[in-house]
Structure formats: structure tokens, C-alpha cells
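Observations on the model geometry
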Amino acid sequence: MERSKALGFARRVKRIEVSAIKQMPLLARSVPDAVSLGQGIPSVRTPEYIRRQVIELLKHDADIGKYSLQPGVPELKQSVAQKIAQTAGRFIDPELEVFISAGAMEALFAAVVSLVDEGDEVILFDPSYASHIEQVKFASGTPVFVPLIENDGWALDEELLRRAVSAKTKAVIVCNPGNPTGKVFSVAELSVIVKIAREHGLYIIADETYDFLVYDGFCHKSLASFSNIKDMVILCGSFSKEFAMTGWRVGYMVAPAEVIEQALKVHDAAVICAPTVSQYAALAALTNRAECKEETVRDVLARRRELICARLDSLAEFFSYVQPGGAYYVLPRYLKWDINSAEFAHRLLFEAKVITIPGAAFGPGGETHVRMSYGGTEDDINKAFDRIEHWSRMSKRFT
Ligand SMILES: Cc1ncc(COP(=O)(O)O)c(C=O)c1O
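Cut-offs and rules
Chains are numbered independently. Their residues run from 1 in the order of the written sequence. Reporting of local features is limited, given that this is a predicted model, to residues whose pLDDT is at least 70; pairs of side-chain atoms are given and counted only at 80 or more, and all residues count toward the totals for whole chains, interfaces and linings. Note that water and hydrogens are dropped before the side-chain values are worked out from all heavy atoms of the structure. The pairing criterion for strands is at least two bridges between them, as found by DSSP. Working definition: helices are DSSP H or I runs of at least four residues, strands are E runs of at least two. Numbering for both runs from the N terminus. Each axis is a line fitted through C-alpha atoms, taken for helices only over the stretch in contact, and angles between the N-to-C directions span 0 to 180 degrees. Residues are treated as being in contact if the distance between any of their heavy atoms lies within 4.5 Å. We call a residue near a molecule or strand as soon as one heavy atom of that residue lies within 4 Å of the molecule or strand. Polar contacts, as used here, are pairs of N or O atoms within 3.5 Å; protein pairs need one atom able to donate a hydrogen and one able to accept it. Residues neighboring in sequence count only if both atoms are side-chain atoms. All accessible areas in this document rest on Shrake-Rupley with a 1.4 Å probe, and a residue is counted as covered only by the protein chains that are shown. Classification convention: Asp, Glu, Lys, Arg as charged; Ala, Val, Leu, Ile, Met, Phe, Trp, Tyr, Cys, Pro as nonpolar; all other residues, Gly among them, as polar. A helix is expected to reach a length of 1.5 Å times the quantity of its residues less one. Remark: exposure states derive from per-residue accessible area (1.4 Å probe, protein chains only) relative to the maximum for the residue type, with buried under 20%, exposed over 50%, and partly exposed in between. The domain boundaries here were taken from an automatic or database domain assignment. Two parts placed together each lose some accessible area; with a 1.4 Å probe, that loss summed over both constitutes the buried area. Put simply, a salt bridge is a Lys or Arg side-chain nitrogen that is within 4 Å of an Asp or Glu carboxyl oxygen. Each pair of aromatic rings taken from Phe, Tyr and Trp, with Trp reduced to its six-membered ring, is defined by centres within 6.5 Å and is described as stacked if the planes are under 30 degrees apart, edge-to-face if over 60, and tilted in the remaining cases. Cation placement over rings: the criterion is NZ of Lys or CZ of Arg within 6 Å of the ring centroid and within 35° of the ring normal. Charge assignment: positive for Lys and Arg, negative for Asp and Glu; neither His nor the chain ends contribute.

Description of the sheet that holds strand E8 (residues 251–254)
In space, the 7 strands of this open sheet follow the order E2-E8-E7-E6-E5-E3-E4, with mixed pairing throughout. Of all the strands in the sheet, the pair left with one neighbour each is strand E2 (98–101) and strand E4 (142–147). With direction set aside, neighbouring strand axes in the sheet form an average angle of 20°. Strand direction decides the pairing type here: strand E7 (residues 233–238) and E8, joined by 4 bridges, are antiparallel. Along E8, the bridge assignment pairs Cys 236 with Met 253. Together, E2, E7 and E8 form the strand contacts of helix H5 (residues 74–88), whose direction differs from that of E2 by roughly 115°.

Here it is in C-alpha cells:
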């Protein structure tokens, strides 16, 4: 008998996978000197003003190592409510409409498992963030992919979205700016999503982890700012990327009170509370920004975006790509190799010693692409592209 059957692991767990985003760096441990365009971790260090305040608290606050209140440290909930109130243009109740999560990931997880029952469908834009797919599957829901139109800058096609809605559709997940494409939805596109969600009574789960990270010419509009659907929007946000705090594990959900009430049950069952010390770090991050002496993550990444696009431009015979408008990912299509994206990423790793993520991890529309992150240093990006360039030109076998 198969070992997992003997042990009786649950179907909900057997049907999901650790995403390729995490698997590729593990695989790369067997490749000495591999350089990474893989995982989405900015190379930047958590700013000094945040670290300094946490050190002071660790010295003097006897409660810093204890659980916080389960929905989060009240001052932090207040600060998050104020931040989102500015975006949304309305009052957000810190007591009823906010909870502090262990990263945006936990808020997203709580949202999905609070809403989705077996057989429910959840609309995802394709390509979409790999973990959204796994979370829906974990909740026994069915991901329904709506392709974004690559030739039109990963544009939304209203007709395709309309056709994807069925009587079983529960929610639509919108990642804006998007991982893995760097897509920033225009106000017109968001209005279409809102209109269709309203017509069909769908929840919108808005993953706005990269809300701060949009580049020239683009503007980020939060789904929380659409007042005509405020009772159906579940906003999930993060401190990970804006404040270079990926390892602190702190994020938030801002949603209607009845959603927060359900999500808090999941939060309690899963983690009790977000790490207290990290919540105080997040509070310092939000309230004392003026003390930040370092260049912002946004400015650093804007430069790296220029660099990676220039390097891709010089490889136009091998890769086509849509310039990212936000976040720090680009999803180039490889043009000369007639192999699937898993094989392509493996060959890049073992032959060129460069870590990328196979596009298929992000849904069917990701196939024949690889995701590259430009969170790494400029030296790493250059080193990776020197290798990719050499490998592409020397690659004898395109199939
Ligand atoms: C789109 C998206 N959502 C959520 C997350 C997870 O964020 P957090 O670290 O706040 O859990 C990531 C991390 O890369 C991401 O890219």
C-alpha cells in the first residue's frame, strides 16, 4: 500500500503542492554558485529606524515576547485603518474591520478558507500568483482561470471575465500590482471587475502586497476605494516588501466586519496572533517613516527594473516580454526553445546556473515563460544575464 494512503493524509493537503517559487531555490542548493532571479525577496535590509526601535523595545518592554491580543496590537490596527482610510476615502473601523495577520499570505488564506466551500469556483487572472491557486484548491474550491491578453500588455478582456462567471462563482482574486507579470490594472479594468462582481454578488479578494510599488506612468488604485462595492472587498496587505520585512511575517486584512469575524476564527486556529515583536516593528515602520535614512525600496527597485528590461532588450531574439508596471517581476516568453517551462527553468539552472521560476507554476497562461525577479542586487542581475546571454547564444539544442 502507498505510504501516504496508509497514513491517511487528507485529500485537501494531497491535492496541493509547495509552489515552484520555493522549490527552485531548494533544488539550486545542489548547484554551487547559482545566481538567483528566483524568489521574491528584495536584497535590501530592514531599515535601521525599524531595527533600532525594536531593539529598544526588546530591552525595556517585558511583554514584547508574549502573545498580543488575537486580532493584533491595537495601535497597529489603528495605523493600518488610517492608512486604508486615506486610500478608501472613508472611515475604517480598527476594531471591527481590521486584523493583523502573519503576512499577507495568512490574510489571503483566511479569506479563501472563510469563503470557499467544496465545489465553489474562484476566478483567478492567468497568469496568477501560485499561492492563490493552491489556497483555492486547499479550500476544496475550483480555480477558474481568466487569461490576461499578453499581446496587449496582459490586458483584461471583459468578455472572457463574463464568460468565466457561473452560478458557483464565489469570489475573484485580484493581485494588483501582479505577481508574476508586474501587471498594474488600470482604473478602467478595475471598474469592469467591480461591475461584474456587483452584478453577480461576488467577493473580491484584493491582494495589494505591492500597492506601493508602481513605476512611471502607472498609478495604483486600491480596490478599497470603490465605494459601490465596499461590502464585498477583502483587502490583504503586507509589510514584507515595502519595508523589506519579509522575514518578520506581518500583514493585514481590511474587510467588512462580518468577514473579519469569520477570518479571525481561522487566524485563531492557525497562528493565534501575528508575532508580537513583528507587529511592533510594523508599527514603527508605519508611524516613523520620516526617520528613514535609507533609499526607499521603490527607488532601488525602479533602477533594477530599468536594468533587467535593458538586458532583456538585448536578448530580443530569444525572449519577448511585457514591461512590468509594478512589483518586481517580469515574465518573459522564451522564443526558441520548444520545451515546457519546467524543463526550461531546469536547464537554465543546471546549464547556466541561474535560478528562475517555471511559468507553468502561475497557471496555464504561464507556460512557455519563466518568471524573473529583480529583487536581487544589480550585480546579481548582471551576472545572471551574462550567463543567460552566453547560454542562449551557445545553446545548440533548442528542443
Ligand atoms: C502577490 C503576493 N501576495 C502575497 C505574498 C506574501 O506576502 P507576505 O510576505 O506578506 O505573506 C507575496 C510574496 O511574495 C506575493 O508576491
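Regarding the sheet that holds strand E13 (residues 357–358)
Read from one edge of the open sheet, 3 strands run E10-E14-E13, paired in antiparallel fashion. With one partner strand each, in any of the chains shown, strand E10 (329–330) and E13 form the two edges of the open sheet. Examined bridge by bridge, E13 and strand E14 (residues 370–373) share 2 bridges and lie antiparallel to one another. Following the sheet pairing, Ile 357 is matched in E14 by Arg 371.

Comments concerning the site of the ligand
Neighbouring residues of the ligand: 14 residues in total, closest Asp 207, Tyr 210, Ser 238, Ser 240 and Lys 241. Note that an oxygen atom of the ligand is positioned 2.7 Å from one of the backbone N or O atoms of Ala 104. Ser 238 has a polar side-chain atom sitting 2.6 Å from an oxygen atom of the ligand. In isolation the ligand offers 390 Å² of accessible surface; the protein chains occlude 93% of this area. Per element, the largest residue contribution to the shell around the ligand is 3 residues, and it comes from helix H6 (residues 103–115). Split into classes, the residues belonging to the shell around the ligand amount to 6 nonpolar, 5 polar and 3 charged.

A word on helix H12 (residues 297–313)
Over its 17 residues, H12 runs 24 Å from end to end, which matches the ideal 24 Å to within 8%, given 1.5 Å per residue. Every buried residue of H12 is listed here: Val 297, Val 300, Leu 301, Arg 304, Arg 305, Leu 307, Ile 308, Cys 309, Arg 311 and Leu 312. Check the buried side of H12 and you find it contacts strand E9 (319–320), E10, E14 and helix H14 (378–394).

Overview of the domain arrangement of the chain
Looking at the assigned domains, one finds that the chain contains domain 1 (3–46 + 295–393) and domain 2 (64–290). With centres defined by C-alpha atoms, the gap from domain 1 to domain 2 works out at 24 Å. Listed per partner, the contact involves 39 residues of domain 1 and 37 residues of domain 2. For the pair domain 1 and domain 2, the summed buried area comes to about 3000 Å², and 58% of that belongs to carbon and sulfur atoms. On the domain 1 side of the interface with domain 2, the three residues burying the most area are Arg 298, Val 322 and Phe 362, jointly 18% of the side's total. The closest approach of N and O atoms between Arg 305 and Asp 216, which form a salt bridge, is 2.8 Å. Linking domain 1 with domain 2 are 19 residue pairs in polar contact (both at pLDDT 80 or more), by the criterion used here. Of all the elements in the fold, those that place two or more residues in the side of domain 1 that touches domain 2 are helix H2 (11–14), helix H3 (20–27), H12 and E10. Element by element, the count of residues in the side of domain 1 that touches domain 2 is highest for H12, at 6 residues. Counted by class, the side of domain 1 that touches domain 2 contains 20 nonpolar, 9 polar and 10 charged residues.

Things to note about the pattern of salt bridges
This model, assessed by the stated rule, comprises 28 salt bridges. The closest approach of N and O atoms between Arg 52 and Glu 291, which form a salt bridge, is 3.5 Å. Of this pair, Arg 52 sits in helix H4 (residues 48–60) while Glu 291 sits in the loop between helix H11 (276–287) and H12, and the two are 239 residues apart along the sequence. Notably, a salt bridge pairs Asp 211 with Lys 83, separated by 3.3 Å at the nearest N-O pair. Note that Asp 211 is positioned in the loop between strand E6 (203–207) and E7 and Lys 83 in helix H5, a separation of 128 residues in sequence. The exposure classification of Asp 211 matches that of Lys 83, with both residues buried. Connected through shared salt-bridge partners, Arg 311, Glu 317, Asp 386, Glu 389 and Arg 393 make up one network.

Focus: the packing of aromatic side chains
Applying the stated criterion across every chain, the model contains 14 aromatic pairs. Between the aromatic rings of Phe 318 and Trp 337, the centroid separation amounts to 5.8 Å while the plane-to-plane angle is 40°, which identifies the pairing as tilted. One end of the pair, Phe 318, is in the loop between H12 and E9; the other, Trp 337, is in the loop between strand E11 (333–334) and helix H13 (341–352), and 19 residues separate them in sequence. The residues Phe 318 and Trp 337 share a single accessibility class, namely buried. By the ring-pair criterion, three or more aromatic residues cluster together here, those being Phe 318, Phe 319, Tyr 334, Trp 337, Phe 344 and Trp 391. One cation-aromatic arrangement involves Lys 183 over Phe 185; the distance from NZ or CZ to the ring centre is 5.0 Å.

A word on the side chain of Ser 373
Structurally, Ser 373 can be placed in strand E14. Within the structure, the side chain of Ser 373 is placed 3.1 Å from the backbone nitrogen of Gly 375, a separation counted as a polar contact. The residues touching Ser 373, leaving out its near neighbours within four places in the chain, are Leu 37, Gly 38, Gln 39, Gly 40, Ile 308, Tyr 328 and Tyr 329.

Considering the side chain of Glu 121
Turning to its location among the elements, Glu 121 is positioned in strand E3 (residues 121–126). Within the buried set, Glu 121 has no salt-bridge partner at all; the shortest N-O distance to an opposite charge, 4.7 Å, is to Lys 168. One polar contact links Glu 121 to Ser 166, side chain to side chain, over a distance of 2.8 Å. Other than its neighbours up to four places away in sequence, Glu 121 contacts Thr 142, Val 144, Ala 164, Ser 166, Lys 168, Thr 169, Lys 170 and Ala 171.

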